[in-house]
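Report on the structure
Take a look at the letters that make up each chain.
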Amino acid sequence: MTNVDSVSSGTSSSGTSTVGPPPPFGAELAAALRVINETTPPDGLRPETISATRQKMAGMGSPSDEALARGGAFAVEERAVPGPAGAPDISLLICRPTTATAPLPAIYHIHGGGMVVGDCRTGLPGILDWAEELQIAVVSVEYRLAPETPHPGPVEDCYAGLVWCAAHAREHGIDPERIVLIGGSAGGGLAAAVALMARDRGGPAVFGQMLICPMLDDRNDTPSAVQMAGLGVWDRTSNETGWNALLGDARGTDGVSPYAAPARATDLSGLPPAFIDVGSAETFRDEDVSYASRIWQAGGSAELHVWPGGFHGFAGMAPRAAVSRDAQAAPLRWLRRLMST
């Protein structure tokens, strides 16, 4: 099932087609957004605010091992594993259902944060909701952040973690042939890139890829990027900040690797089944719709949802809205179907 709203006929900010006014936010979401924007403006991430943004996130705290264990439902272990060649070790947080008696499918989780903030615990409680419902394991990777570590450091960390996870899966009660990549926002872009890497390098077999409002295109010039400038939660200015931190002066040039910006990939064949979702009123709408379309054009499998009136991250920030409840249910349904194959 695919839910797709109409998108602009424009092709880019420099193209010949006219980009219309921004699509409206849903009524429930607009009310929530007014409150959110009091502390999180759409253009709030700038080079000079990265440090303050990190401090703000740190002040919000991270879930403890005890909280992640959920009263004994999960065994929680954090361990250092080898990183990319010549790079430091990376940390993997492993959460496995304690009642399991056979190897389990696993979610390989890559956190969001615009490439510049977050850690392996960011967003993990929501992932564990799905894992507890389906009785599957979760492995969450800690990757180095930009701008201190530019491309290819972050994606190579994520790939190295996946390689270790697949190689040592049996030791942790995980089925190495049923590992699903899941990431949101920047983590969604990294998950898409890791899927490309695994295909191109003959690496671990990836069972599926779930890309939640993924950050895919460094060019930042789609109609939706233009429409949503100054609106929502993550606008064109914040997006430029994140991509510049990752790529520096290379951003927007012809030499950007698809392992940095998966929208640059010219071949999307041979990829694992994808779940892609995005809001109709957010910066990433058009790059995400295009990515799903190109997977289909290459003969692949993708389920695409464009949630009407949704801003970036709406399902987590306004969870009680009706459209948020639908957006929260769809990934679990997809995962359940995938795991039944």
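Residues numbered from 1 in each chain as written. Predicted model: local features only at pLDDT ≥ 70, side-chain atom pairs only at ≥ 80, totals over all residues. Heavy atoms only, no water.

Looking at the nonpolar core
Counting residues in hydrophobic clusters, the biggest one holds 108 residues, and the most contacted among them are Y108, I110, Y291 and L335. Sequence-distant contacts of Y108, that is, excluding residues within four places in its chain, are made with L92, V139, V141, D157, C158, G161, L162, C165, I179, V180, L181 and I182. (Core = buried A, V, L, I, M, F, W, Y, C linked by side-chain atoms within 4.5 Å. Buried < 20%, exposed > 50% of the residue type's maximum accessible area, 1.4 Å probe, protein only. Contact = heavy atoms within 4.5 Å.)

Focus on the side chain of D288
Inspection of the secondary structure puts D288 in helix α9 (residues 285-297). Apart from residues lying up to four places away in sequence, D288 is in contact with C213, P214, L216, I276, D277, V278 and L304. (Helix = DSSP H or I, 4+ residues; strand = E, 2+ residues; numbered from the N terminus.)

Quick look at the packing of aromatic side chains
Overall, the coordinates contain three aromatic pairs when judged by the stated rule. Ring geometry for F275 and W334: centres 5.8 Å apart, planes at 50°, overall tilted. Taken together, the residues F275 in strand β7 (residues 274-279) and W334 in helix α11 (residues 322-339) connect sequence positions 59 residues apart. With respect to burial, F275 and W334 carry one shared label: buried. One aromatic cluster is present, formed by F25, F311 and F314 through successive ring pairs. (Phe/Tyr/Trp six-rings, centres within 6.5 Å; stacked < 30°, edge-to-face > 60°.)

Comments concerning the packing of helix α4 (residues 124-134) against α11
At a minimum axis separation of 11 Å, α4 and α11 run at an interaxial angle of 40°. The angle between α4 and α11 falls in the class oblique. In this structure, α4 crosses over α11, and the sense of that crossing is right-handed. Contacts between α4 and α11 involve W130, E133 and L134 from the former and Q328, P331, L332, L335 and R336 from the latter. In the contact of α4 with α11, the residues fall into five nonpolar, one polar and two charged. (Axes fitted to C-alpha atoms, helices over the stretch in contact; angles between N-to-C directions. Parallel < 35°, antiparallel > 145°, perpendicular 65-115°, else oblique. Left-handed = near helix turned anticlockwise from the far one by under 90°. Nonpolar A, V, L, I, M, F, W, Y, C, P; charged D, E, K, R; others polar.)

Remarks on the sheet that holds strand β4 (residues 137-142)
The strand order across the open sheet built from eight strands is β1-β2-β4-β3-β5-β6-β7-β8, with neighbouring strands paired in mixed fashion. Strands with a single pairing partner mark the edges of an open sheet, and in this sheet they are β1 (74-81) and β8 (302-307). Each neighbouring strand pair of the sheet contributes to a mean axis angle of 15°, computed without reference to strand direction. Bridging between strand β3 (residues 104-110) and β4 involves five bridges; their strand directions are parallel. Note on β4: the bridge partner recorded for I110 is V141. (Pairing = 2+ DSSP bridges.)

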